[in-house]
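Residue-level structural notes
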Amino acid sequence: MKNFTVLAVLLTTCGAASIETWAADSQASYLKHCSLCHQPDAQGIPGTFPRIWGRVGQIAATPEGAAFVAQAVLWGMSGTISVDDVPVTGVMPGVPHVSDEEITAIVEYLITEGGTVKNTSAFSLETVKAARAGGRVPQAATNALRNELFEAGVIK
Ligand code: HEC
């Protein structure tokens, strides 16, 4: 089930408070695992850490992009990428110690920009489970995949 369907069900059955709780919990997970580099507002630091606020929904719009996001977050990536027309060179360690559910909550928090944007992406818990089942991917290989998807226009 797509996240926005879950949100819609939650809205009708439990009221808006559940959405607020979900957003607060997933924001806390984001702050704990990602904000050191990507910054608390997820705007990154140009040239050093990519901006991921307002970008992850676009990146995860296709199944290929969604699979890339899960792979990158789970196993990390390293090398050079282009973000907002600025090259970013760095290492992201990945978070294999974090559960599939918590990773999903973090990514959906980014996709929905804290629950304010509808999730129309191809990303779900199943995407993370598939990435974990596929086994660890070298960080340089995930960087190469990202740059292929960027060249193909899948990632903007
Ligand atoms: C230690 C710093 C660090 C942490 C912690 C970190 N990242 Fe990253 N992240 C990076 C760097 C650096 C890159 C770019 C890597 C490259 O150039 O190959 C990146 C890339 C990404 C990308 C791909 C962006 C793109 O345009 O392709 C996503 C998505 C992402 N991070 C999400 C997350 C999430 C979600 C978390 C928390 C679970 C997280 N990151 C934690 C440093 C970090």
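Refer to the structure above for everything that follows.
Everything numeric in this text was worked out from a predicted model, so none of it was measured.

So, about the packing of helix α6 (residues 100–111) against helix α7 (residues 125–133). Contact pair α6 / α7: the axes reach a minimum separation of 9 Å and the direction vectors enclose 130°. Judged by the angle between their axes, α6 and α7 are oblique. Considering only the axes of α6 and α7, their crossing is right-handed. Taking contact as the criterion, the partners of Asp-100, Glu-101, Ile-103 and Thr-104 in α6 are, on α7, Leu-125, Val-128, Lys-129 and Arg-132. Broken down by class, the residue content of the contact of α6 with α7 amounts to three nonpolar, one polar and four charged.

Right, let's get into the site of the ligand. Around the ligand, 28 residues are found, and the nearest of them are Cys-34, Cys-37, Gly-90, Met-92 and Asn-143. Looking at the shell around the ligand, the elements that each hand over two or more residues are α3 (35–38), α5 (63–75), β1 (77–83), β2 (86–92) and α8 (139–151). The leading source of residues in the shell around the ligand is β1, at six residues. Tallied by class, the residues present in the shell around the ligand amount to 19 nonpolar, eight polar and one charged.

Between α5 and α7, the least distance of the axes is 9 Å, while the angle of their chain directions is 60°. In this view, α5 runs oblique relative to α7, as classed from their interaxial angle. In this structure, α5 meets α7 at a crossing whose hand is right-handed. Counted together, Ala-66, Ala-67, Ala-70, Gln-71 and Leu-74 of α5 and Thr-127, Val-128, Ala-130, Ala-131 and Arg-132 of α7 form the full contact between these two elements.

Another aspect to go through is α7. Regarding α7, the residues found buried are Thr-127, Val-128 and Ala-131. All buried residues of α7 project into a common sector of 95° when viewed along the axis, lining one side.

Right, let's get into the pairing of β2. With seven bridges connecting them, β1 and β2 associate as antiparallel partners. Each bridged residue has a counterpart across the sheet, and for Val-83 the counterpart in β2 is Val-86. A loop of two residues connects β1 with β2, the two strands running antiparallel in sequence, and Asp-84 in this loop sits at a positive phi of about 55°.

What follows concerns the environment of Val-73. By the secondary structure assignment, Val-73 is in helix α5. With 37 residues separating them along the chain, Val-73 and Leu-110 place their C-alpha atoms 12 Å apart. Leave out the neighbours within four places in its chain, and Val-73 touches Gly-94, Val-95, Ile-103 and Val-107.

Here α6 contains 12 residues, and its C-alpha end-to-end distance of 16 Å stays within 8% of the 16 Å for a straight helix at 1.5 Å per residue. With respect to burial, α6 is a largely interior element, nine of its 12 residues being buried. Of the residues making up α6, those classed as buried are Ile-103, Thr-104, Ala-105, Ile-106, Val-107, Glu-108, Tyr-109, Leu-110 and Ile-111.

Definitions and cut-offs
Residues numbered from 1 in each chain as written. Predicted model: local features only at pLDDT ≥ 70, side-chain atom pairs only at ≥ 80, totals over all residues. Axes fitted to C-alpha atoms, helices over the stretch in contact; angles between N-to-C directions. Helix = DSSP H or I, 4+ residues; strand = E, 2+ residues; numbered from the N terminus. Parallel < 35°, antiparallel > 145°, perpendicular 65-115°, else oblique. Left-handed = near helix turned anticlockwise from the far one by under 90°. Contact = placed C-beta atoms within 7 Å. Nonpolar A, V, L, I, M, F, W, Y, C, P; charged D, E, K, R; others polar. Near = placed C-beta within 6 Å. Buried ≥ 20, exposed ≤ 12 C-beta atoms within 10 Å, placed from the backbone. Arc of directions from axis to C-beta. Pairing = 2+ DSSP bridges. Expected span 1.5 Å × (residues − 1).

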